[in-house]
Amino acid sequence: MNAIDHPLVAAYLDSVARETAELPADRRAELLADLREHVEVSEAADDDAIRAVLDGLGEPRTVAASALAEEGPRTGATTTAAVLAPVGPLSGRRAARLIAALPALGGLLILGSPFAGALVLAIGLALLWKTPLWDARHKRIGTATSVAVPLLLLLGGLLLAGGRIGPLELLLLGVFLVGVPAAGALVLLRALRD
Amino acid sequence: MNEAGGRVSSQLRKGVLEYCVLALLRDEPKYGVELLTELSAVSVMTTSQGTIYPLLSRLRREGFVDTELRESPSGPPRRYYALTALGTAALAEFAGAWPLFRDAVDHFLTDPQGDTA
């Protein structure tokens, strides 16, 4: 008997089909065809070999979950992005707060330690651009507000070195240094709520 | 503990697996089972082999790979995956970014204060 007609294989494919009911029909058919081909190519001949192939593929639920995850954040494009909760490692609530805060923190950290600050800023920005949580516009806002800190610092440093800065300007600079990245992080977090 | 370890591996894998797949296709097109054999040779890279197919499907939709059905000398026809120009560019970008990330993570793991400057 051909492996593909084996009851174990049929039961496995049925399970995957059941668990992927939410997938678009063509995507679901493609996944089932891929799994079917995998079993066929393996040319398993007896029950044990077929069981081993199916074990290798993993639980139907696990395979289905990964198919739904690949589908999830991308189908929404921009409009339904907020409705369809994005999935993946960079999509949780806590991840969102961390990603919103990291670039801003990195910019501020540059005050104390330029190296560590730049590193945190770079990692924060990389995460910001990698996550499906925000659209490109918000990503640009987050980037601009956090990169503003080292730029403001540079400006402040230059003015200070030239002796052309008084206590009031210094205070103003300090307010901007904290305010701009904090506002950026707030904009990002608020974007997730609506 | 085991659960947590599995979670860490799974999150890390999610970020890098697709680039490992692109890297495996760098020199020649391969079919699914062939890719899985090579990935599974490194134990951390796959747990449930079936999850590679949704990933391959997305890579195809995003234009990183092309697929082609080819006859096999034995058995049924196989769907081969080949790297596109876009896929090659994505792989090159990852190859450039990866050492920076690796070094950054190592930096935090070995020197949590990050205060070498």
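Here is what the cut-offs are and how they apply
Along each chain, residue indices are assigned from 1 in the same order as the chain's sequence is written. Chain labels run from A onward and ligand labels from 1 onward, assigned in the order the entries are written. Selection of residues for local features in this predicted model requires a pLDDT of at least 70, selection of side-chain atom pairs for listing and counting requires 80 or more, and totals for whole chains, interfaces and linings are taken over all residues. Just so you know, side-chain values use all the structure's heavy atoms and leave hydrogens and water out. Contacts between residues were defined by any pair of non-hydrogen atoms, one from each residue, lying within 4.5 Å. Here's the idea: put two parts together, see how much 1.4 Å probe accessible area each one loses, and the total over both is what we call buried area. In what follows, salt bridge is the name for a side-chain nitrogen of Lys or Arg lying within 4 Å of a carboxyl oxygen of Asp or Glu. For this analysis, a polar contact is any N or O atom pair within 3.5 Å, provided that within protein one partner can donate a hydrogen and the other can accept it, and provided that sequence-adjacent residues contribute only side-chain to side-chain pairs. We count a stretch as a helix when DSSP gives it H or I for four or more residues in a row; a strand needs E for two or more, and each element gets its number in order from the N terminus. Three residue categories are used. Nonpolar comprises Ala, Val, Leu, Ile, Met, Phe, Trp, Tyr, Cys and Pro, charged comprises Asp, Glu, Lys and Arg, and polar comprises the others, including Gly. Here a strand pair is declared whenever DSSP counts at least two bridges between the two strands. Here an angle of 0 to 180 degrees is reported between the N-to-C directions of two axes, which are lines fitted to C-alpha atoms, with helices fitted over the stretch in contact. In this analysis, rings of Phe, Tyr and Trp, with Trp reduced to its six-membered ring, are considered paired at centre separations within 6.5 Å, and the interplanar angle assigns stacked below 30 degrees, edge-to-face beyond 60, and tilted for intermediate values. Burial classification: accessible surface area is computed with a 1.4 Å probe over protein chains only, and a residue below 20% of its type maximum counts as buried, one above 50% as exposed, and the rest as partly exposed. Geometrically, a lysine NZ or arginine CZ counts as sitting over a ring once it is within 6 Å of the ring centre and also within 35 degrees of the ring normal.

- Where an unreviewed UniProt entry is consulted, chain A appears under the name HAAS signaling domain-containing protein, with the organism given as Streptomyces omiyaensis.

### A short note on the interface of chain B and chain A
At step 1: On the chain A side, the residues contacting the 35 residues of chain B number 30 residues.
At step 2: For the pair chain B and chain A, the summed buried area comes to about 2600 Å², and 60% of that belongs to carbon and sulfur atoms.
At step 3: Linking chain B to chain A there are 5 salt bridges.
At step 4: With its nearest N and O atoms 3.6 Å apart, the salt bridge here joins B:Arg61 to A:Glu71.
At step 5: At the surface where chain B touches chain A, the tally comes to 9 residue pairs in polar contact (both at pLDDT 80 or more).
At step 6: Listed by contribution, the elements that provide at least two residues to the side of chain B that touches chain A are helix H1 (2-24), helix H2 (32-40), helix H3 (52-61), strand S3 (78-83) and helix H4 (85-110) of chain B.
At step 7: When residues in the side of chain B that touches chain A are grouped by element, the largest group, 7 residues, is from H3(B).
At step 8: Split into classes, the residues belonging to the side of chain B that touches chain A amount to 15 nonpolar, 12 polar and 8 charged.

### Overview of the sheet that holds strand S2 (residues 65-70) of chain B
Residue and element names in this part refer to chain B.
At step 1: One open sheet accounts for 3 strands, arranged S1-S3-S2; its pairing is antiparallel. With partners counted over all chains shown, the strands left at the sheet margins are strand S1 (30-31) and S2, one partner each.
At step 2: Alignment of S1 against S3, held across 2 bridges, turns out to be antiparallel. Of the residues in S3, the one forming a bridge with Lys-30 is Tyr-81.
At step 3: Most of the contacts of H3 go to S2, to which it runs at about 115°, and overall it touches S2 and S3.

### Quick notes on the packing of aromatic side chains
All names here are of chain B.
At step 1: Applying the stated criterion across every chain yields a total of 3 aromatic pairs over all chains.
At step 2: An angle of 65° between the planes, with centres 5.3 Å apart, marks the rings of Tyr-31 and Tyr-80 as edge-to-face. Of this pair, Tyr-31 sits in strand S1 while Tyr-80 sits in strand S3, and the two are 49 residues apart along the sequence.
At step 3: When its relative accessible area of 15% is taken as the criterion, Tyr-80 is described as buried.
At step 4: For the pair Phe-94 and Trp-98, a centre-to-centre distance of 5.7 Å together with 20° between the ring planes defines the contact as stacked. In this pair, Phe-94 and Trp-98 are both assigned in helix H4, 4 residues apart and thus about one turn of the helix distant.
At step 5: Connected via pairs of aromatic rings, a cluster forms that spans Tyr-19, Phe-94 and Trp-98.
At step 6: Positioned above the aromatic ring of Tyr-31, the side-chain terminus of Arg-78 is 4.3 Å from the ring centre.

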